[in-house]
Protein chains: 2
Amino acid sequence: MNIVKKRIGIIGGGQLGKMMILEAKRLGFYVAVLDPAPGCPAHSVSDKHIVAGFDDLDAYLELSRHCDVITYEFEHISASGLALLENDGRLVYPSVKSLKTIQNKYLQKQALRKSGIPVPPFAKVGGVDEIRAFGCPLMLKTTTGGYDGKGNAFIGCDKEIEDAYQSLGGGTKELMAERFIEFEKEISIIACRGIDGARAIYPVAENIHVNSILDTTIVPARIGGAAAKKAALIADKVMEVFEGVGTFCVELFALKNGDICVNEVAPRPHNSGHYTIEGCFANQFENHIRAIAGLPFGDVGLISPTVMVNLLGESDGAARLEGLCDAYLDPNVHVHFYGKGESKSGRKMGHITAVDKTVEKALERAIRSKGLVRVIGENPVNRK
Amino acid sequence: MNIVKKRIGIIGGGQLGKMMILEAKRLGFYVAVLDPAPGCPAHSVSDKHIVAGFDDLDAYLELSRHCDVITYEFEHISASGLALLENDGRLVYPSVKSLKTIQNKYLQKQALRKSGIPVPPFAKVGGVDEIRAFGCPLMLKTTTGGYDGKGNAFIGCDKEIEDAYQSLGGGTKELMAERFIEFEKEISIIACRGIDGARAIYPVAENIHVNSILDTTIVPARIGGAAAKKAALIADKVMEVFEGVGTFCVELFALKNGDICVNEVAPRPHNSGHYTIEGCFANQFENHIRAIAGLPFGDVGLISPTVMVNLLGESDGAARLEGLCDAYLDPNVHVHFYGKGESKSGRKMGHITAVDKTVEKALERAIRSKGLVRVIGENPVNRK
């Protein structure tokens, strides 16, 4: 089969879509992208860009006409739109069935618990009384649509329940409560599964969040070997449970007693897997493309300790990257700048990766570089 | 300075241009390309494609309007077109002055010899008698326009002179004679020089040619440490001599007695440097972009032994890649497929890179993979 003749469609043209395309292009694939933003990061590297919203079913059908296999860079898209594509005879990976389960955090956790995968205690909660009955401390979550801490609220004691319930849209949105876990570390594993069921599990990454947004990923994670092995087995099982095809991210908690439990699963390449671009022979985006194209996986072993730090916009306005020259005085550092025209305070604008012989040295390089680089917003924004 | 706002123009949209763009895009640069082929490899990843010939001076000026800094993927372009761009206030790297010297193999060798860099004995030759007087064995070369063995002819003895002279266009084209060197190995070094004169020298690569076209690159080269050091010093000096800005390739001969001499210099990233994509933290294309953008270089040390083999078209017609699934059963192998729509027998269509703990093992993987992958031409070609 002339596998490279397959045309790939990607729903979502942000940085994840762009980085998928950069890998697909090395293999000569045709790539079309669906995204509402005319100047989205994927725009300039794609063969075709359908400018339309993620709820525009006609746009899904147009994408279908240009592609043989369709994937997506984030999970908050229209499952019914995807189903149209499947019905239209297109290959959709991960499948609509996988997506529907994962999209809904309650269904996701149910599926995991049913398969014996450790998760924090959780329950659907219809109102304030049920939250109180569940017991504090807990995380209150909307079952759909949350990311980067949005749609989540920590509730430490009963008197915080009412505010949290209102802020998450209680009464109009479906909510779930989850036992708040006193974790030692937040870790994640990028895991890939092929159409044939073959799997590739990347090393365990340690994540540090600031204001609920990923700030730093350290690989290998500074946890014990037994815990790392446990985490890898869990990630592998997660891929089986959801019958995931492509690259997934399994976010986990490492507890003080050595136990591991699943926090959340993302059915796509993930911010905490950006380190794989420099850290591994085959990165998370390449292996995602390989998976959906029916190709075997490239090696996922770690080349050397690698640290990634995110670059968030400091202010609003036309995006401007400063300090790149200074950061590049360190030859072990790579800066990735996504090409978003508009900076917003707290928006993910790029990331920095540093490698070295030890995690400590790589971390030092990454932190020093981050101190030198800034993404600021200049006014006025030229919206095009 | 907001360096990433610089717009880059590339003359030539083949695989080298494409691979430059893939690196430029990681940093968010805008890239315009000038190439006569509407479906050239760089087309789908560039922001703008000016479809025009390399001798179309109006097209050079149009490129100038879209870019701040201009570079090129091959040396057989119009130096006067480039000069227009310099006069138009654009930054052109490598400079017109560097290009003019290197473009002409006679001037190139003269500049090298004058600076004390070892080169084979050479002379301009006006006719058959002068070639005979130079003495066999020799390489007869057109001073401009040659590549992949085209424009070169080996002359072993006097009776071969007449045919070689005619075949290279003697009488109409400027020719030079060069002593044929009994080399032990053909080697090359990718070398980079910044606007500020800073340099980065990649490891020594060993090259095997078949029918005068690069077939295999093995890194590190299987030569002694003293010879490797000598080669690196020569490459470094070459960058000084030509005041090259960007990534260059210095092709060298390693002689049996340990001596090294320069064969040819290319003022651009080179086929024998494709191994750097997997073999080094910062590859030749990335460091080229860094150079022309005024950024310091990324690390050029070898991560692990790496072997590259070229994939040539087997036959003429619409390009079709076969055997990718089989090749990818080896997780240490990357296939690069340039996305040329049309295969021609002997045309460079892609390459394979393999890494391993030893050169021997990497070579074994590369050769095995090459045996599994084919690029064939299917008729009819859909020319678009």
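Above this text sits the structure in question.
The structure reproduced in this document is the subject of the present report. Owing to the predicted nature of the structure, the values given are computational and were not obtained by experimental measurement.

Cut-offs applied
Residues numbered from 1 in each chain as written. Chains lettered and ligands numbered in written order. Predicted model: local features only at pLDDT ≥ 70, side-chain atom pairs only at ≥ 80, totals over all residues. Heavy atoms only, no water. Contact = heavy atoms within 4.5 Å. Buried area = accessible area lost by both parts, 1.4 Å probe. Polar contact = N/O pair within 3.5 Å; in protein donor to acceptor, adjacent residues only side chain to side chain. Helix = DSSP H or I, 4+ residues; strand = E, 2+ residues; numbered from the N terminus. Salt bridge = Lys/Arg side-chain N within 4 Å of Asp/Glu carboxyl O. Buried < 20%, exposed > 50% of the residue type's maximum accessible area, 1.4 Å probe, protein only. Arc of directions from axis to C-beta.

## Let's talk about the interface of chain A and chain B
Thinking step 1. Taken residue by residue, the interface counts 48 residues in chain A and 47 residues in chain B.
Thinking step 2. For the pairing of chain A and chain B, the buried interface totals around 3,900 Å² over both sides, and the portion due to carbon and sulfur atoms is 59%.
Thinking step 3. Among the residues chain A hides against chain B, the three largest losses belong to Arg26(A), Phe281(A) and Tyr328(A). Together they make up 20% of the total.
Thinking step 4. The interface formed by chain A and chain B holds 19 residue pairs in polar contact (both at pLDDT 80 or more) in total.
Thinking step 5. Counting only elements with at least two residues in the side of chain A that touches chain B, the list comes to helix H1 (15-26), helix H9 (276-279), helix H10 (284-292), strand S16 (317-322), helix H11 (324-327), strand S17 (333-337) and strand S19 (348-355) of chain A.

## Some points on the pattern of salt bridges
Residue and element names in this part refer to chain A.
Thinking step 1. Inspection of every chain in the model, using the stated rule, returns 50 salt bridges over all chains.
Thinking step 2. In this structure, Glu 322 engages Arg 320 in a salt bridge whose closest nitrogen and oxygen atoms are separated by 3.1 Å.
Thinking step 3. With relative accessibility at 22%, the residue Glu 322 sits in the partly exposed group.
Thinking step 4. When salt bridges with common partners are traced through the structure, they connect Lys 105, Lys 109, Lys 141, Glu 178 and Glu 264 into a single cluster.

## Some details on helix H2 (residues 57-66) of chain A
All names here are of chain A.
Thinking step 1. Listing the buried residues of H2 in full gives Ala 59, Tyr 60, Leu 63 and Ser 64. Buried positions in H2, seen along its axis, are confined to an arc of 150° and lie on one side of it. Exposed side of H2, more than 90 degrees from the buried face: Asp 58 and Arg 65 are the residues found there.
Thinking step 2. Buried residues along H2 sit against strand S1 (7-11), strand S2 (30-34), strand S3 (48-50), strand S4 (69-72) and helix H3 (79-87).
Thinking step 3. Between the side-chain oxygen of the N-cap and the backbone nitrogen of Asp 58 there are 3.1 Å, and the N-cap of H2 in question is Asp 56.

## A short note on the environment of Leu16(A)
Residues and elements named next belong to chain A.
Thinking step 1. One can find Leu 16 in helix H1.
Thinking step 2. For Leu 16 and Phe 285, which are 269 residues apart along the polypeptide, the C-alpha to C-alpha distance reads 8.0 Å.
Thinking step 3. Once you skip the residues sitting within four places of it in the chain, Leu 16 turns out to touch Glu 73, Arg 268, Pro 269, His 274 and Phe 285.

What is shown is where atoms sit, not what they do.
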